[in-house]
Amino acid sequence: MKRRLSTLICSAVLVLAPLLMTHAAVSQAQEGSAGVPAMQAKQVAPNVYYVEGLSELGSSANQNFISNAGFVITPAGVVVIDALGSPELARRLIAQIRKVTPKPLNTVIVTHYHADHVYGLQVFKEAGARIVAHEASGEYLNSDTARLRLDASRQELFPWVDENTKLLPPDEPIKGAKKLVVGGVDFELIPVGPSHTPDDLVVWLPQSKVLFAGDLVFRNRIPFVGQADSRQWIESLNTLLKFPAKVMVPGHGPASTKPNQDMSLTRDYLVYLRQTMGKGAAELVPFEEVYKNTDWSRFNKVPMFQYANRMNAYNTYLLMEREGQ
Ligand SMILES: [Zn+2]
């Protein structure tokens, strides 16, 4: 009898375990529950909202919620700007949208193809939105970097990114500047790459004077420089300053009502990397020595410094070597 009971309990556990796990996953995703970062849409202008990711490394604990996304409600439907870093986050963003409008999803504009901005794309596509991005995104989409990043993310970000997570190309690749009009609302898409990436786009809303700056602007954290062209990036920041923006929504960190002032961390950091690493590279001083002798006190208290700075400096050193040739 005893054995039969334990067998029964075991079978029940085996049958119930997947159900329990599914339930746990669903309840975890509810806003404000322990362990999962909350997502709360903030309004920055009439019909214009954004959600703000954390200044952290992506992990399964935070569902890869480390970047921002925006949405704009128009009479013809909702335009989303960036798709967040996992399908689950995209579903949660749609839940935020549904709190303020029942209108259909019309378009998702991608500011650039980095994992934390695009792993949610499939959810918006399934919900009926078309994907608009710069055609230079093809470079990333067809790269080993993208494939290896997704393979690694399927481990590191499991279960939020798994074998069902896909990279989707744009339905509408754009080449030059383009004005989209959705329900009478203008969206000016302006290519500003290759800066942070080859396919950088910023989105300017002339009617509400909101600028979605993508990852050209990082606030409250050290930027991710990667394979960026920092010279062009600094130039592009000057271009952004020409927009009479009332609000700027960066790719990372809080929205700003003082774009000029709040772009300065990104700009000063890039300028400083180029100056220090450029000098070292020109004098043929090995990277390790340049890095050790550089005064980082201006930036080393900024979140993500310990994770990002060394690689940013190294990539910039290599870039300055190439530029010096
Ligand atoms: Zn990025």
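Quantities reported herein were computed from a predicted structural model and do not represent experimental measurements.

Conventions and cut-offs
Residues numbered from 1 in each chain as written. Predicted model: local features only at pLDDT ≥ 70, side-chain atom pairs only at ≥ 80, totals over all residues. Helix = DSSP H or I, 4+ residues; strand = E, 2+ residues; numbered from the N terminus. Buried ≥ 20, exposed ≤ 12 C-beta atoms within 10 Å, placed from the backbone. Contact = placed C-beta atoms within 7 Å. Pairing = 2+ DSSP bridges. Axes fitted to C-alpha atoms, helices over the stretch in contact; angles between N-to-C directions. Expected span 1.5 Å × (residues − 1).

Trainee: Before we go on, may I ask you to explain the overall build of the protein in this structure?
Mentor: Counting secondary structure elements, the protein contains eleven helices and twelve strands. Looking at the protein as a whole, 42% of its 325 residues qualify as buried. Across the protein, every contact between residues at least 6 apart in sequence was considered, and the portion connecting residues at least 24 apart equals 67%.

Trainee: Can you help me understand the sheet that holds strand E9 (residues 185-191) in this one?
Mentor: The strands making up a sheet are joined through hydrogen bonds of the backbone, oriented either antiparallel or parallel. Strand order in this open sheet of five strands is E8-E9-E10-E11-E12, and the pairing throughout is mixed. This sheet does not close on itself; its edge strands, each paired only once, are strand E8 (178-182) and strand E12 (247-252). Between one strand and the next, the sheet's axes are offset by a mean angle of 25°, whatever the strand orientation. Contacting strand E10 (201-205) and strand E11 (210-218), helix H7 (residues 230-240) runs over the sheet at an angle of about 160° to E11.

Trainee: How should I be thinking about helix H11 (residues 305-324) in this particular structure?
Mentor: One turn of an α-helix holds 3.6 residues; hence residues three or four places apart share an orientation. In this model H11 runs 27 Å from its N-terminal to its C-terminal C-alpha over 20 residues, within 8% of the 28 Å that 1.5 Å per residue would give. Taken residue by residue, H11 has Ala308, Asn309, Asn312, Ala313, Thr316, Tyr317, Leu319 and Met320 as its buried positions. Considering only its buried residues, H11 is in contact with H7, helix H9 (264-282) and helix H10 (287-293).

Trainee: How should I be thinking about the pairing of E10 in this particular structure?
Mentor: With five of five residues buried, E10 lies mostly within the body of the structure. Two elements, E9 and E10, share four bridges in a ladder whose sense is antiparallel. Bridge pairing in E10 links glutamate 188 to tryptophan 204. Here E10 runs beside E11; their pairing, made up of three bridges, is antiparallel. Paired with leucine 205 across the bridge in E11 is valine 210. If you look at the hairpin formed by E10 and E11, you'll find four residues sitting between the two strands, and lysine 209 has a positive phi there, around 60°.

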